[in-house]
Amino acid sequence: MVLATSPLVAVGGLIVIMVLTGLVYWDAQRVGFDRPRLWAGIVAVSMGIGLALHVFVGTVPIPGLLVIVLAGIVFYLFERDDVVRGEDPPDPHELPGGPPVDERRGDNGAEEDSR
């Protein structure tokens, strides 16, 4: 095992992990996830593995570390989007957060010109 590259990097990484894990837990509770501790744990584990590889191995390429570190956050954001938007199939004629298609149509059913 290689000694830690820098104690500052290790301590700073642990602080970042704790803050982001707390934010994920808070947000998961606020949005209404079934298991917010599980998602906070997934984020903490993925970020912890990336930090440990960087600090103790040191020869892991940075792009690979970024994939490991961001995997938990990305999975959480995908799940969050499903929880917030629901399980309805997407409509290819609408933008997320935009008005429904029926509200943009005029009396004759044709698209209104918004110029």
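None of these values were measured; they are calculated from a predicted model.

Participant: Account for the confidence of the model for the chain, naming residues and giving values.
Facilitator: Per-residue pLDDT for the chain averages 81, and the proportion of residues at 70 or more is 78%. Mean pLDDT across the elements of the chain bottoms out in helix H3 (residues 62–85) (88) and peaks in helix H2 (residues 36–57) (91).

Participant: Could you give an account of the pattern of salt bridges, naming the residues involved and the relevant values?
Facilitator: Enumeration over the complete set of coordinates arrives at two salt bridges. The closest approach of N and O atoms between Asp27 and Arg30, which form a salt bridge, is 2.6 Å. Placement of both Asp27 and Arg30 in helix H1 (residues 7–31) is noted, with a separation of three residues, approximately one turn of the helix. Across the pair Arg80 and Asp27 runs a salt bridge, and its minimum N-O distance is 2.5 Å. Of this pair, Arg80 sits in helix H3 while Asp27 is found in helix H1, placing the two residues 53 residues apart along the sequence. Within the structure, one salt-bridge network assembled from shared partners comprises Asp27, Arg30 and Arg80.

Participant: Provide a residue-level description of the environment of Ile49, including the pertinent values.
Facilitator: Turning to its location among the elements, Ile49 is positioned in helix H2. Judged by its relative accessible area of 45%, Ile49 is partly exposed. For the pair Ile49 and Val69, spaced 20 residues apart in sequence, the C-alpha separation works out to 7.4 Å.

Participant: Got a sec to walk through H2? Specific residues and values, please.
Facilitator: Helix length check: H2, at 22 residues, gives a terminal C-alpha distance of 31 Å against a target of 32 Å (1.5 Å per residue), a fit within 8%. Positive backbone phi, approximately 80°, marks Gly58, located one or two places after H2.

Participant: Summarise a nonpolar patch on the surface; cite the residues concerned and give the values.
Facilitator: A surface patch of nonpolar side chains, about 630 Å² in accessible area, is lined by Val11, Ile15, Met18, Val19, Leu23 and Trp26. Locating Ile15 in the fold gives a position in helix H1.

Participant: I'd love a proper account of the nonpolar core, names of residues and values included.
Facilitator: Formed by Ala10, Ile17, Val24, Ala28, Phe33, Trp39, Val43, Met47, Leu51, Val55 and Tyr76, the largest nonpolar core amounts to eleven residues. Secondary-structure elements contributing two or more residues to this core are H1 and H2. Among the elements that line this core, the one with the most residues is H2, at five residues. Residues within four places of Val24 in sequence aside, it is in contact with Trp39, Ala40, Val43 and Tyr76.

Participant: Just give me the short version of H3, but keep the residues and values in it.
Facilitator: The terminal C-alpha atoms of H3 lie 34 Å apart, and with 24 residues this matches the ideal 34 Å at 1.5 Å per residue to within 8%. Maximal helix bending in H3 amounts to about 40°, located at Leu70. The complete set of buried residues in H3 reads Leu65, Gly72 and Tyr76. Close packing links the buried residues of H3 with H1 and H2. Taken from the residues just after H3, Gly86 is the one with a positive phi, measuring 85°.

Each value, and the rule that gives it
- Residues numbered from 1 in each chain as written.
- Predicted model: local features only at pLDDT ≥ 70, side-chain atom pairs only at ≥ 80, totals over all residues.
- Heavy atoms only, no water.
- pLDDT = per-residue confidence, 0-100.
- Helix = DSSP H or I, 4+ residues; strand = E, 2+ residues; numbered from the N terminus.
- Salt bridge = Lys/Arg side-chain N within 4 Å of Asp/Glu carboxyl O.
- Buried < 20%, exposed > 50% of the residue type's maximum accessible area, 1.4 Å probe, protein only.
- Expected span 1.5 Å × (residues − 1).
- Patch = residues over 30% accessible without salt bridge, like charges linked within 9 Å, V, L, I, M, F, W, Y side chains within 5 Å.
- Areas by Shrake-Rupley, 256 points an atom, 1.4 Å probe, with all protein chains shown as cover.
- Core = buried A, V, L, I, M, F, W, Y, C linked by side-chain atoms within 4.5 Å.
- Contact = heavy atoms within 4.5 Å.
- Bend = angle between axes of the 7 residues up to and from the residue.

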